[in-house]
Amino acid sequence: MTINFSLLAIDQIINHAAKMHAMFGGQVCVPMVIRTPGGGGQQLAATHSQNLEVFYAHIPGLKVVAPSTPADAKGLLASAVRDDDPVIFLENLALYNTKGEVPDGDHTVPIGTAAVTKPGRDLTLVAYSRAAVIALDVARRLEDEGISAEVVDLRSLRPLDRATVCASVRRTGRAIMLEDDWLSYGIGAEIAATIQEGAFDYLDAPVRRVAAAEVPLPYAKPLELAALPDAAALTRTVREVLDATGFTTRPQPSGRG
């Protein structure tokens with residue numbers, strides 16, 4: 001039903017499915033797909049609103065994917081079904097009403113590849129799942145202010161496409177990670193470490209992270225919304241990063257000949 005219930009099977013997933021291939025010297029495969037929705041914002045309270053993907057992304061032997069668009073959902077699910085390894089397929093509840101173009105026929109998206117959903121030159125926004133939708137929306141709005149943000153949708157959390165993330169940061173010199181899970185020990189911490197190792201000399205500012213408040217998610221709607229990262233929090237952080245580096249916006253074309 002949701003990723004929260006997977007905790008009841010965490011021994012089977014982590015100690016068995018993830019390890020059998022290695023422990024039997026490659027003689028055994030576990031071609032299993034676990035589709036599991038998660039995330040907050042639906043007033044399902046603390047035990048039914050968690051983003052526990054970092055639990056599974058931490059485990060060698062598992063693959064973890066998190067699409068943000070209908071097309072990627074189809075393509076990644078097709079790749080997951082064909083994969084000989086166990087795959088955790090994350091679906092954010094808040095994305096179930098998302099609409100978008102989906103290719104006909106046999107459409108696959110390689111597991112382990114991120115996507116640059118919007119090119120930019122001033123800073124890089126890294127996100128996945130619901131957060132990738134927010135990041136793309138914020139980036140498009142910032143264009144009206146002369147701020148060109150590049151958006152990297154991770155799509156896959158294990159394996160992680162570190163090369164695409166670092167290549168983007170090398171181009172822009174600034175990076176912000178947006179995630180729905182908690183700040184401490186989260187996916188964003190791994191991204192920050194990845195950028196430090198692969199693009200440190202290109203950074204004009206420290207890597208920033210925008211994440212959920214480190215509390216069990218409240219049931220009351222105003223408190224739930226206050227605890228979750230949103231477009232306003234990301235926009236505010238973008239301005240802080242740019243202001244700290246002396247960035248000045250570029251005038252936009254008037255559109256008149």
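Worth saying up front: this structure is predicted, and the values here are computed from it rather than measured.

## Re helix α4 (residues 70–82)
Because each turn of an α-helix spans 3.6 residues, side chains separated by three or four positions end up pointing in the same direction. With 13 residues, α4 ought to run about 18 Å at 1.5 Å a step, and its terminal C-alpha atoms sit 19 Å apart, in line with that. For α4, the set of buried residues is Ala71, Asp72, Gly75, Leu76, Ala78, Ser79 and Ala80.

## Remarks on the packing of helix α6 (residues 162–172) against helix α7 (residues 187–199)
Following both chains from N to C, one finds α6 and α7 inclined at 65 degrees, their axes separated by 9 Å at the closest point. Like other packed secondary-structure pairs, α6 and α7 cross with a definite hand, here right-handed. Contact with α6, carried on its side by Arg162, Val165, Cys166, Val169 and Arg170, involves Glu190, Ile191, Thr194, Ile195, Gly198 and Ala199 of α7 and no other residues of that element. Looking at the contact of α6 with α7 residue by residue, the classes come out as six nonpolar, two polar and three charged.

## Points about the side chain of Asp180
On the secondary structure map, Asp180 appears in strand β8 (residues 175–182). Side chain to side chain, Asp180 and Arg130 meet in a polar contact 2.7 Å long.

## As for unusual backbone geometry
Backbone torsion omega between Arg158 and Pro159 reads 0 degrees, so that peptide bond is classified as cis. One non-glycine residue, Gln43, adopts positive backbone phi at about 55 degrees. When you line up the elements, Gln43 lands in the loop between β1 (33–38) and α3 (53–57). With relative accessibility at 32%, the residue Gln43 sits in the partly exposed group. Located in the positive-phi region is Ser129, a residue other than glycine, with phi close to 55 degrees. On the secondary structure map, Ser129 appears in the loop between β5 (123–127) and α5 (130–142). The class of Ser129 is buried, set by a relative accessible area of 7%.

Conventions we followed
- Residues numbered from 1 in each chain as written.
- Predicted model: local features only at pLDDT ≥ 70, side-chain atom pairs only at ≥ 80, totals over all residues.
- Heavy atoms only, no water.
- Helix = DSSP H or I, 4+ residues; strand = E, 2+ residues; numbered from the N terminus.
- Expected span 1.5 Å × (residues − 1).
- Buried < 20%, exposed > 50% of the residue type's maximum accessible area, 1.4 Å probe, protein only.
- Axes fitted to C-alpha atoms, helices over the stretch in contact; angles between N-to-C directions.
- Left-handed = near helix turned anticlockwise from the far one by under 90°.
- Contact = heavy atoms within 4.5 Å.
- Nonpolar A, V, L, I, M, F, W, Y, C, P; charged D, E, K, R; others polar.
- Polar contact = N/O pair within 3.5 Å; in protein donor to acceptor, adjacent residues only side chain to side chain.

Geometric values such as these leave the question of function open.
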